[in-house]
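One letter stands for each residue in the lines below.
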Amino acid sequence: MSDIAERERTLASRLRLAVVRLNRRLRAQRADSALTLSQLSALSCLHKAGSMTPGELASKEGVQPPSMTRVIAALEENGLVVRRPHPTDGRQAIVEVTEPGAARVEEEVTIRERWLDQHLAELDAEELEVLSRASEIIDRLASR
């Protein structure tokens with residue numbers, strides 16, 4: 001393997017591990033653990049993308065519909081989502097976030113960003129500039 005290929009493989013490995021570790025640390029910053037990460041992910045997806053059918057939500061979340069049915073039931077039981085009749089298909093429902101559900105997502109985001117802000121404050125200006133540029137590049141990679 002050439003030096004360039006080895007360096008790229010090493011960068012890919014380091015970047016992957018760094019992103020995974022940061023994601024784990026951020027997920028650990030929670031308002032409470034009453035919701036599972038699957039429930040929180042589905043709630044966040046609905047909050048961001050808007051109302052959808054359970055099947056659409058399952059597809060977006062990459063889970064099987066029966067699993068999503070259980071997630072939606074738990075969110076509904078906690079008053080975080082509601083099911084409404086589908087406007088054109090009586091066999092389906094539309095799931096939407098309630099005001100308390102939206103507030104919960106925003107609270108989770110605030111907690112995670114506060115944690116990250118506290119740790120970013122420990123970095124110097126050069127490190128912050130590097131991370132700013134890296135976040136743009138990572139976002140571009142993730143968009144492909």
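Within any chain, residue numbers begin from 1 and follow the written order of that chain's sequence. Only residues with pLDDT of at least 70 are given local features in this predicted model, and only at 80 or more are side-chain atom pairs given and counted; all residues enter the totals for whole chains, interfaces and linings. With hydrogens and water excluded, all non-hydrogen atoms of the structure serve as input to the side-chain values.

This part covers the layout of surface pockets. We place a 1 Å grid over just the protein atoms. Points where a 1.4 Å probe fits but has no way out form a cavity, open points with protein on both sides within 12 Å along at least 5 of 7 lines form a pocket, and any residue with an atom within 4 Å of a point lines it. Grid points are joined across faces, edges and corners, and a volume is the space filled by probe spheres set on the points. A volume near 760 Å³ is recorded for the largest pocket. Together, 22 residues line the largest pocket, and A18, L22, L116, L131 and I138 are the ones closest to its centre. Counting from the N terminus, the helices are the DSSP runs of H or I reaching at least four residues and the strands are the DSSP runs of E reaching at least two. Of all elements in the fold, only α1 (3-28), α5 (99-120) and α6 (125-142) reach the threshold of two or more residues within the lining of the largest pocket. Per-element accounting of the lining of the largest pocket gives the leading share, nine residues, to α6. Here the residues of the lining of the largest pocket sort into 14 nonpolar, four polar and four charged. The space that makes up the second largest pocket amounts to roughly 600 Å³. Lining of the second largest pocket is provided by 15 residues; of these, N23, L26, R27, V109 and R112 occupy positions nearest its centre. Think of it as three bins: nonpolar holds Ala, Val, Leu, Ile, Met, Phe, Trp, Tyr, Cys and Pro, charged holds Asp, Glu, Lys and Arg, and polar takes everything else, Gly as well.

The next point concerns the packing of helix α2 (residues 37-49) against helix α4 (residues 65-77). Lines fitted to C-alpha atoms define the axes, with helix axes restricted to the stretch in contact, and inter-axis angles between N-to-C directions lie between 0 and 180 degrees. Where α2 contacts α4, the two axes come as close as 10 Å, and the packing angle between them is 80°. When the interaxial angle is binned, α2 and α4 end up roughly perpendicular. Of α4, the residues touching α2 (which contributes S38, Q39, A42 and L43) are M68, V71, A74 and L75. The residue inventory of the contact of α2 with α4, partitioned by class, reads six nonpolar, two polar and no charged. Roughly parallel means an angle under 35 degrees; roughly antiparallel, over 145; roughly perpendicular, 65 to 115; everything else is oblique. Between two residues, a contact is recorded if the distance between any of their heavy atoms is within 4.5 Å.

To continue, consider the side chain of T53. Its place among the elements puts T53 in the loop between α2 and α3 (54-61). Judged by its relative accessible area of 7%, T53 is buried. In this view, T53 contacts H86, Q92, A93 and I94; residues no more than four positions away in its chain are not counted. The cut-offs for exposure are 20% and 50% of the maximum accessible area for each residue type, with area from a 1.4 Å probe on protein chains only; residues under the lower value are buried, those over the upper are exposed, and the others partly exposed.

What we call a nonpolar core is a set of buried Ala, Val, Leu, Ile, Met, Phe, Trp, Tyr and Cys residues that are connected through their side-chain atoms within 4.5 Å. Judged by nonpolar contacts, the single largest core of 17 residues is most densely connected at L43, L57, M68, L75 and V81. Looking at this core, the elements with two or more residues in it are α2, α3 and α4. Looking at this core element by element, the count peaks at five residues for α2. Once you skip the residues sitting within four places of it in the chain, M68 turns out to touch A42, P54, L57, A58, E61 and V63.

The next thing to look at is the environment of H119. Turning to its location among the elements, H119 is positioned in helix α5. Considering only alpha carbons, one finds H119 and G62, 57 residues apart in sequence, at a separation of 32 Å.

A few words on the confidence of the model for the protein chain. For any part of a model where pLDDT is low, the fine detail of the predicted coordinates should not be relied upon. By definition, pLDDT measures how confident the predictor is in each residue, and it falls between 0 and 100. When the pLDDT values of the protein chain are averaged, the result is 91; 95% of them are 70 or greater. Averaged pLDDT values over the elements of the protein chain bottom out at 84 in α1 and peak at 96 in strand β2 (residues 93-97).

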